[in-house]
Amino acid sequence: MPKSVPSVPSPRRARVAGVASLLALAAAAPVPAHEGHDHEAAAAAPAMVAAAPGTPARDVVELRSELYEALVESHGDHLDIWLDRFDTNEPVTGAKLGVALGDAAEVAAKEETPGQYMAPITPLAPGSAASLTLSIQAGPGDDLLGGTLEIAARDAPDLGSRLGGWLAAGWRWALGLLLLGLAAVLLLRRRGQSRAGGVVAGLALLAPAGLAAWALLQPLAALAHEGHDHAEEEGTPAPVVAGGDRPMRLADGSVFVPKPTQRILELRTQLAAEGPTPVSLRLVGEIVGDPRASAVLQTTAAEAARVAAELVQAEAELVRLEGLPGVVARAEVDAARARVASLRAQRAALGAPLAAGGESLASPIDGVVAAVDARPGAVAAPGEPLVTVIDPARLSIEALAFESFA
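Position numbers for residues start from 1 in each chain and track the written sequence from start to end. It should be noted that, the model being predicted, local features are given only for residues of pLDDT at least 70 and side-chain atom pairs only at 80 or more, the latter also being counted only at that level, while totals for whole chains, interfaces and linings use all residues. Excluding hydrogens and water, the side-chain figures rest on all heavy atoms present in the structure.

What about the pattern of salt bridges?
Criterion for a salt bridge: a side-chain nitrogen of Lys or Arg within 4 Å of a carboxyl oxygen of Asp or Glu. According to the stated counting rule, one finds 13 salt bridges in the structure shown. Two residues, Glu-310 and Arg-339, come together in a salt bridge whose shortest N-O distance is 4.0 Å. Pair noted here: Glu-310 is in helix 7 (residues 301-322) and Arg-339 is in helix 8 (residues 330-355), with a separation of 29 residues, a long-range link. The residue Arg-344 makes a salt bridge to Glu-315 at a minimum N-O spacing of 3.0 Å. Of this pair, Arg-344 sits in helix 8 while Glu-315 sits in helix 7, and the two are 29 residues apart along the sequence. Given the relative accessible area of 42%, Arg-344 is considered partly exposed. Each helix is a run of DSSP H or I of at least 4 residues and each strand a run of E of at least 2, with the numbering of both proceeding from the N terminus. Only protein chains enter the calculation, and the probe is 1.4 Å; a residue is then buried if its accessible area is under 20% of its type maximum, exposed if over 50%, and partly exposed in between.

What follows is the structure, given as structure tokens:
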């Protein structure tokens, strides 16, 4: 009897199964991160989406008084309370804090971190509101804060959104089952072949199809590029933020900084007080002696020369008047004689130092010499200061203002 030859899958069917398997593997293949991929930008995207208009609001209420400012956030079965001073934003530590929500009895809040307290509560239903009262006993003083805590309503997803999610997650299952069914159909059509050939054909068809189906049913993963270690990201603790919020710049240009971040940065404030404010103007000046406690010494030589010149004119006028007897009154002649006598006395007083070989300058006040303007061999003009004397205990500031101000 002739021996049976084991059959193998036809080239056409093998190519069909191979192409289908490759397509399935390509669809389910992990997405590698390309070079230069920034995981921080990807992590920031959800924060921007969460902050977009239309998202559910945080269950937060702010309570204020002249002493304290409290930020209260509900987390279902407990409240997180950040207690600060109203004027400086400084955390209030070691306070005795009582919390009363709605009709429930007052409970004592426990300080978990400096200035941050936690109080257990009965969860409120979404869309409801309840009165909130905080009784505070702390160093700045005792106070009572009141307000209303509103819980935002959580809308359940509609049927269309849920159906879209099912379709987005179920196409891989459908494609995997389709490949397994195709492999089973091709296997059943291998009738008339030997048992060994059927086994070989089944393995040739089921192996790639099964591998593709397994890959499709696995969750998508992202491959790390060379040099990137996700273990470091997992080991790095995430920043503690209130309700998942992060510091961000808002659309109006302002900056939102949650309370935990304010505590890390130690942000402080200062109240603006209304009152008179002096007007200041920056000027360039110099320190000079007080005009009421300074003196300028000048030479008397010019004064002696002036007196001598006036004396010559007065003597000539006296001679002219005495030559007109009977024409000029006697009183006018006597006045001319008195003027000549006065000028002669002044010339004698001013000429005595010069006749002695020098002139003595005396200061009218006690002090120190601040400036000396005389130089050897220079001729002192009339009125020219030679020495300036000031009192060092009395000084003034001299400055020039080129702009008028009120």
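We are not done yet, so read on.
Concerning the environment of Val-328
With respect to the helices and strands, the residue Val-328 is situated in the loop between helix 7 and helix 8. When neighbours within four sequence positions are excluded, Val-328 is seen to be in contact with Leu-321 and Val-333. Any pair of residues with heavy atoms lying within 4.5 Å of one another is described as a contacting pair.

A short note on the side chain of Ser-65
Within the fold, Ser-65 resides in the loop between strand 2 (60-64) and strand 3 (68-74). Aside from chain neighbours lying at most four places away, what touches Ser-65 is Phe-86, Asp-143 and Leu-145.

Describing the confidence of the model for the protein chain
For every residue, the predictor assigns a confidence score, pLDDT, that lies between 0 and 100. Taken as a whole, the protein chain shows an average pLDDT of 74; of its residues, 60% reach a score of 70 or greater. Across residues 1-9, where pLDDT falls below 50, the model places 10 contacts with residues more than four positions away in sequence or in other chains. Across residues 27-56, confidence stays below pLDDT 50; counting only partners more than four residues off in sequence or on other chains, it has 26 contacts.

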